[in-house]
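Take a look at the letters that make up each chain.
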Amino acid sequence: MIRKLLVVAFLSTSAAAHAGDKPLYQPVPDWVKPAPPIDATKIKDDAPVILQLDTQQLLKNGEVWNYTDAATRAASQQVLDSIGTLKLPWLPDKGDLIIHKLEIIRGAEHIDLLAGGPKLSVLQREEGLEQRQLNGLLTATMPIEGLRIGDVLHIVASVTQKDAALGGNVQALSGVLADPFRTQFARVRLLWPEGDKISWKTNATGAVPQISDSGGYHQLEFQMPLAKQPEMPVDAPVRYRGPRLIEASSFADWGEISKVMAPLYKTDGLIAVGSPLATEVAKIKAAESDPLKRAELALELVQGKIRYLFRGMEGGNYVPQSPAQTWSLRYGDCKAKTLLLLALLRALDVKAEPVLASSQFGDMVPGRLASPASFDHVLVRATIGQDVIWLDGTSSGARLIDIHDTPPFGWVLPVRAEGAELVAIPFHPAARADARVDLAFDQTAGVGMPAPMKITAVYRGAVAQMIRAVSQQAGKDDLDKFATTVLGNFFGDGKIVTRTFNYDDATGEMNVAATGIAYPNWNREEERYRLTLDKLLEKVSFEPDRSRSAWRDIPVMTGNDGSMQIRTTVHLPDKGLGFTLDGADQLSDTLAGVRFERTTTVANGVLTIEEKALGTRAEIAPKDIAGERARVSRAKTHLLRENAPASYPALWQVVEAGKKNKRFDALLALFRQDIAARPDKAEPLTDLAWFHEKLYMRREAIDDLTKAIAIEPDADTYLKRARLLAALGDSDKAAADIAEARKIDPGSSAAITQLAELEADRGHFDQALELLDDRIAEGGKEKNGFVSTKATVLSAKGDKDSAISTIDGAIAASPGNADLLNTRCWVKGTLDVALDTALKDCSRAIELGESGSAALDSRAMVFFRMARFEEALAALSAAIDRDPDQAGSWFMRGVIHKQMGNAKASHEELTAARLMRPDIDNEYARFGIKP
């Protein structure tokens, strides 16, 4: 960061004409106002690292002289490493690098690093090539020999700049330093000959210069650092939160800039008769007579045949290379591409002109000083009949359908010989969505089950080109991951099994298609399964902060003009019988600056949702913010949801019916297809094991995990297999697997907990407690979890007093821990003691909202002990709503219904519990609870 700040101080955004390719060594010019001398004997340990940063700019005779005096303290080894090699960059075709002083200050001693002659080496590095820049940058380098921690490195140097393209004009641009930046002395000083017509402007708060006339110069002097600049909300328009600058310019207005730039974009004679470009013009004329179509073909030619590369050398900051050169090199920057496109369009009799733009800060331009430095981009504005179209040669993938799309550059400056003023680019909705997605789920296996899916996403523009480039270069594994990255936001949780990437040259679109398995997030609420279907509105956020008085009159910028279309189809279980929708199934509204359209239909058990979202680049006026926030909030309370019928069977019943009717065959085939496609990976096998376990096919799941371990032995996989083995009563093999897991990951907390519980189930209580006590003694963030396990082990052992005292001590240390409170409730309930205080613990755990279904299940146990069966059943229903796979809740419902005389319900619920956990009768028998 320190080196970057110093480099920026030596380089200016202004341009220049001629310079040498070696540094010059000259005294400080007489127009410089010296900075205070540096007294290193008085520097304290808490002094800032950058002791001095003095920048002065002289604007004279069409040249800008940038002078910098910088002193940096080597306060640490890190700083020493950062400044230990001097690097001073400059652009030789735009000016000279002049070294005035280079020294180490050590206490009262000043060590001249230039004594005995120049020691700087000059390197040429095109370090910007990765960012597609070719600028001819030279760097003067020199290792600072003898520099020590505590020394001060003092550099005084200048860069002169002159740019013939500006027609004798000058411009200067400087950032500001503001709190929390620390330094002993900093200054920005601007000066120019008295009588010269130079304007200046700053948007920095508190930047009030001392203005004087002395020695024939008009001078501005800004003392730095400024006070902390006002913070701006992140959603404010750019004109409020753009960079803070000090600008100076000899241009009278925007019209003068337009005039000065106009000669650079003359196209007369640039396409020679019989040249390759003339051949391209002839091809377009022969192919189309419609000027709009001709313009599009010219744009496609420039976008598709000329790659982007910034050329900033040989006066290239403003001067474009010729169309013939661009065509021959097959690269060019925005200037070159614009000039080439202009030449083609004018040869095709299409009226066109260049326009200067700011790619990032277009919203700021009207408030800035008239200066070419306000712009960093140029594109074409063409007029065909009554249509004005904006053509950007640096974009990609444009086609005729997109010809009326408008770029998001805000204010631009047409370049004309007679001059022009700023114009705003109007918003025109894009003809094509940035992405069109078709997503199909087959949910016929049942609610709560995975769903085979198919997805196709079609991208255009820059995103399409990026995906195309990756698809051409990446290997299989990387493409698998990339497909998930590209498509995962649309289908949510799930896995891709097959994928394809196909680029359509005719449309300039990239088609990414995949098949796979989705895991729809059905939630159980109020004893019904519900699935949120909204893909776009759910993601909308409108929470602007205008609480500060200084922010109350600032509008909200709602974002860009991106657009998206999503078509979702869901094949519902049981042909949709009894399924209903709630929320906004039809929608046509603009919310938070985004236009939403939605239609929903259901036919023959297939739900179809068509959604569109289009950004509008709109600003929300301050007076409308509160109302818009309320509208968005209301809309998000009516998200589209699919509701299963209240009578829909429980998950275990879905599993049993599905196995009988072979509803899972398609899913099993996809899991196996994934295994076949990745035979050297363990993940597809562990995924299949998960699904087999979900179907209560534990033996098959164990076989899957065994194969996965053979490929990639992993502690988690061993623990999964151990859990399944224990559930089937094979505790010895389960213990062996946990031992293998501990060999791979000796510190695994999960392995210790699982082994302690297994030992307790085998009646080896002392071994279990010893394991837990060792980990509890280590402390740490997992201590409470081990204490909870210890309390349940002591409870199973029958040591009531120790169990309760153990958990009491933990709660005394962590009174707001919901898991500990739930454990105490559970222990008291299973031991049938202190039931009144147990209920308080469960209620508190539920209020804290962290234990969820477990706390509700514990509360039900207490109600059961108190013979409050109806309340116990209600708590168990709520627990199952949150976790339908919680076997203990099903078991206790079965027990209670049996005691209440409902044999049918009891039989179904006990069957469910035993499917989920085959050893559950033994577990509850320890509590004296039997059906």
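What counts and what doesn't
- Residues numbered from 1 in each chain as written.
- Predicted model: local features only at pLDDT ≥ 70, side-chain atom pairs only at ≥ 80, totals over all residues.
- Heavy atoms only, no water.
- Phe/Tyr/Trp six-rings, centres within 6.5 Å; stacked < 30°, edge-to-face > 60°.
- Helix = DSSP H or I, 4+ residues; strand = E, 2+ residues; numbered from the N terminus.
- Buried < 20%, exposed > 50% of the residue type's maximum accessible area, 1.4 Å probe, protein only.
- Lys NZ or Arg CZ within 6 Å of the ring centre and 35° of its normal.
- Pairing = 2+ DSSP bridges.
- Axes fitted to C-alpha atoms, helices over the stretch in contact; angles between N-to-C directions.
- Disulfide = S-S within 2.5 Å.
- Salt bridge = Lys/Arg side-chain N within 4 Å of Asp/Glu carboxyl O.

Asks: For the packing of aromatic side chains, give the residues involved together with the corresponding values.
Replies: If you walk through the whole model with that rule in mind, you get 17 aromatic pairs. Ring centres of F664 and F691 lie 6.0 Å apart, and the angle between their planes is 85 degrees; this geometry places the pair in the edge-to-face category. Here F691 lies in helix α14 (residues 683-694) and F664 lies in the loop between α12 (651-661) and α13 (665-677), a separation of 27 residues in the sequence. Across the pair, F691 and F664 agree in class, each one buried. An aromatic cluster is built from Y519, F664, F671, W690 and F691, whose rings are joined through pairwise contacts. One Lys or Arg, R330, reaches over the ring of W327 and ends 4.0 Å from the middle of that ring. It is R524 that lies over the ring of Y529; its NZ or CZ is 4.8 Å from the centre.

Asks: Can you tell me about the sheet that holds strand β16 (residues 245-249), naming the residues and giving the values?
Replies: Here three strands make up an open sheet; going across it, the order is β11-β16-β13 and the pairing antiparallel. Across the chains shown, the open sheet's two edge strands, defined by having one partner strand only, are β11 (171-175) and β13 (199-202). Each neighbouring strand pair of the sheet contributes to a mean axis angle of 10 degrees, computed without reference to strand direction. Pairing between β13 and β16: four bridges, direction antiparallel. Of the residues in β16, the one forming a bridge with K201 is E247.

Asks: With reference to specific residues and values, describe the state of the cysteines.
Replies: Counting across every chain of the model gives one disulfide. With its sulfur 1.9 Å from that of its partner, C825 forms a disulfide with C842. Handedness here is read from the sign of the S-S torsion; for C825 and C842, about -95 degrees, the answer is left-handed. One end of the pair, C825, is in helix α22 (residues 818-831); the other, C842, is in helix α23 (residues 835-848), with 17 residues separating them in the sequence. Here C842 falls in the buried class, since its relative accessible area comes to 0%.

Asks: An account of the pattern of salt bridges is requested, with residue identities and associated values reported.
Replies: A complete count under the given rule lists 62 salt bridges for this structure. Measuring nitrogen to oxygen at the nearest pair gives 3.9 Å for the salt bridge that ties K42 to D39. A relative accessible area of 64% means that K42 is categorised as exposed. With a shortest N-O distance of 2.8 Å, E353 and R416 are connected by a salt bridge. Of this pair, E353 sits in strand β20 (residues 351-357) while R416 sits in the loop between β23 (411-414) and β24 (423-424), placing them 63 residues apart in sequence. A single salt-bridge network, built from bridges that share partners, covers D402, D405, R432, D434, R436, R460 and E509.

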